[in-house]
Amino acid sequence: EMGSYYEKLARSQEALGKTEKALISYERMIQFSPSEIEPAFHYTEILVKLGRVPAAEKEWKREITHDIGFEPAVRSLLKLWGEQNKWDEVASLLDKLVKKYPERTWAVTQYAKLLIQIDQLDRAQE
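Because the structure is predicted, anything quoted here is derived from the model rather than measured. (Residues numbered from 1 in each chain as written. Predicted model: local features only at pLDDT ≥ 70, side-chain atom pairs only at ≥ 80, totals over all residues. Heavy atoms only, no water.)

### Some points on the overall build of the protein
Stage number 1. Looking only at helices and strands, the protein has eight helices and zero strands in total.
Stage number 2. Across the protein, helices and strands are ordered from the amino to the carboxyl terminus as α-α-α-α-α-α-α-α.
Stage number 3. Once local pairs closer than 6 in sequence are excluded, the contacts in the protein between residues at least 24 apart make up 39%.
Stage number 4. As presented, the protein carries roughly 7,900 Å² of accessible surface, and 51% of it is formed by carbon and sulfur atoms.
Stage number 5. If the 19 positive side-chain charges of the protein are averaged to one point and the 21 negative ones to another, these points end up 5 Å apart. (Helix = DSSP H or I, 4+ residues; strand = E, 2+ residues; numbered from the N terminus. Contact = heavy atoms within 4.5 Å. Areas by Shrake-Rupley, 256 points an atom, 1.4 Å probe, with all protein chains shown as cover. Lys, Arg positive; Asp, Glu negative; His and termini not counted. Charge placed at Lys NZ, Arg CZ, Asp CG, Glu CD.)

Following this line, the structure appears as structure tokens:
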């Protein structure tokens, strides 16, 4: 119940333009309801808008720890790590995602392309 309260409070504060207070309320929401990753993802969107990408990255990692299938966080991390040339992290995340959700063709395709780029054709062919 406390997590829900803080989420509602954060959304109200955000609507009133009180972004910093909204961030604090989202952080409290995450403390009380760590498995509620959709509102937590909204928190990361605010962090990115404010240029606080390292904090957003940390939160995206936490979100996929709770649910690697949470596509918005996965895609955000893949994009960020691709921009930072962190190909080992990209490969590791895609590998985990594809193993758990082989039906996600976008992830399978991205993983195969990455394996081809790093000259691991045998793994890409699988």
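### Here's the deal with the nonpolar core
Stage number 1. In this structure, Trp60, Val74, Leu78, Leu93, Leu94 and Leu97 are the most contacted members of the largest nonpolar core, which totals 35 residues.
Stage number 2. Of all the secondary-structure elements, those providing two or more residues to this core are α1 (2-15), α2 (19-32), α3 (37-49), α4 (53-66), α5 (71-83), α6 (87-100) and α7 (105-117).
Stage number 3. Excluding residues that lie within four positions of it along the chain, Leu97 makes contacts with Ile68, Gly69, Val74, Arg104, Trp106 and Ala107. (Core = buried A, V, L, I, M, F, W, Y, C linked by side-chain atoms within 4.5 Å. Buried < 20%, exposed > 50% of the residue type's maximum accessible area, 1.4 Å probe, protein only.)

### Some points on the layout of surface pockets
Stage number 1. Counted as a void, the second largest pocket has a volume near 150 Å³.
Stage number 2. Looking at the second largest pocket, the residues that line it are Glu27, Ile30, Gln31, Tyr43, Ala55, Lys58, Glu59 and Arg62.
Stage number 3. Listed by contribution, the elements that provide at least two residues to the lining of the second largest pocket are α2 and α4.
Stage number 4. Top contributing element to the lining of the second largest pocket by residue count: α4, with four residues. (1 Å grid on protein atoms, 1.4 Å probe; cavity = no way out; pocket = protein on both sides within 12 Å on 5 of 7 lines; lining within 4 Å. Points joined across faces, edges and corners; volume = space filled by probe spheres on them.)

### Brief notes about the packing of aromatic side chains
Stage number 1. Taken as a whole and assessed by the stated rule, the structure comprises four aromatic pairs.
Stage number 2. Taking the centre distance of 5.1 Å and the plane angle of 70 degrees together, the rings of Tyr5 and Tyr6 count as edge-to-face.
Stage number 3. Residue classification places Tyr5 among the partly exposed residues on the basis of a relative accessible area of 45%.
Stage number 4. Between Tyr6 and Phe32 the ring centres are 5.7 Å apart and the planes differ by 10 degrees, which places this aromatic pair in the stacked class. Placement of the pair is Tyr6 in helix α1 and Phe32 in helix α2, with a sequence separation of 26 residues.
Stage number 5. When its relative accessible area of 13% is taken as the criterion, Tyr6 is described as buried.
Stage number 6. Note on Phe32: relative accessible area 47%, which makes it partly exposed.
Stage number 7. Taken together, the ring pairs in this structure connect Tyr5, Tyr6 and Phe32 into an aromatic cluster.
Stage number 8. Residue placement shows Arg75 over the ring face of Trp106; its charged tip is 3.9 Å from the ring centre. (Phe/Tyr/Trp six-rings, centres within 6.5 Å; stacked < 30°, edge-to-face > 60°. Lys NZ or Arg CZ within 6 Å of the ring centre and 35° of its normal.)

### Describing the side chain of Ser76
Stage number 1. Within the element layout of this structure, Ser76 appears in helix α5.
Stage number 2. In terms of polar contacts, Ser76 uses its side chain to reach the backbone carbonyl oxygen of Pro72, at 2.8 Å.
Stage number 3. With residues up to four places along the chain from it excluded, the contact list for Ser76 reads Phe41 and Trp60. (Polar contact = N/O pair within 3.5 Å; in protein donor to acceptor, adjacent residues only side chain to side chain.)

### Some points on α4
Stage number 1. Between its first and last C-alpha atoms α4 spans 20 Å; for 14 residues at 1.5 Å apiece the expected length is 20 Å, and the two agree.
Stage number 2. Restricting attention to buried positions, one finds in α4 the residues Ala56, Glu57, Glu59, Trp60, Glu63 and Ile64. Taken around the axis of α4, the buried residues stretch over an arc of 165 degrees, which confines them to a single face. The outward face of α4, more than 90 degrees from its buried face, is lined by the exposed residues Pro54, Lys58 and Thr65.
Stage number 3. In this fold, the buried residues of α4 make contact with α2, α3, α5 and α6. (Expected span 1.5 Å × (residues − 1). Arc of directions from axis to C-beta.)

Purely geometric numbers; function is a separate question.
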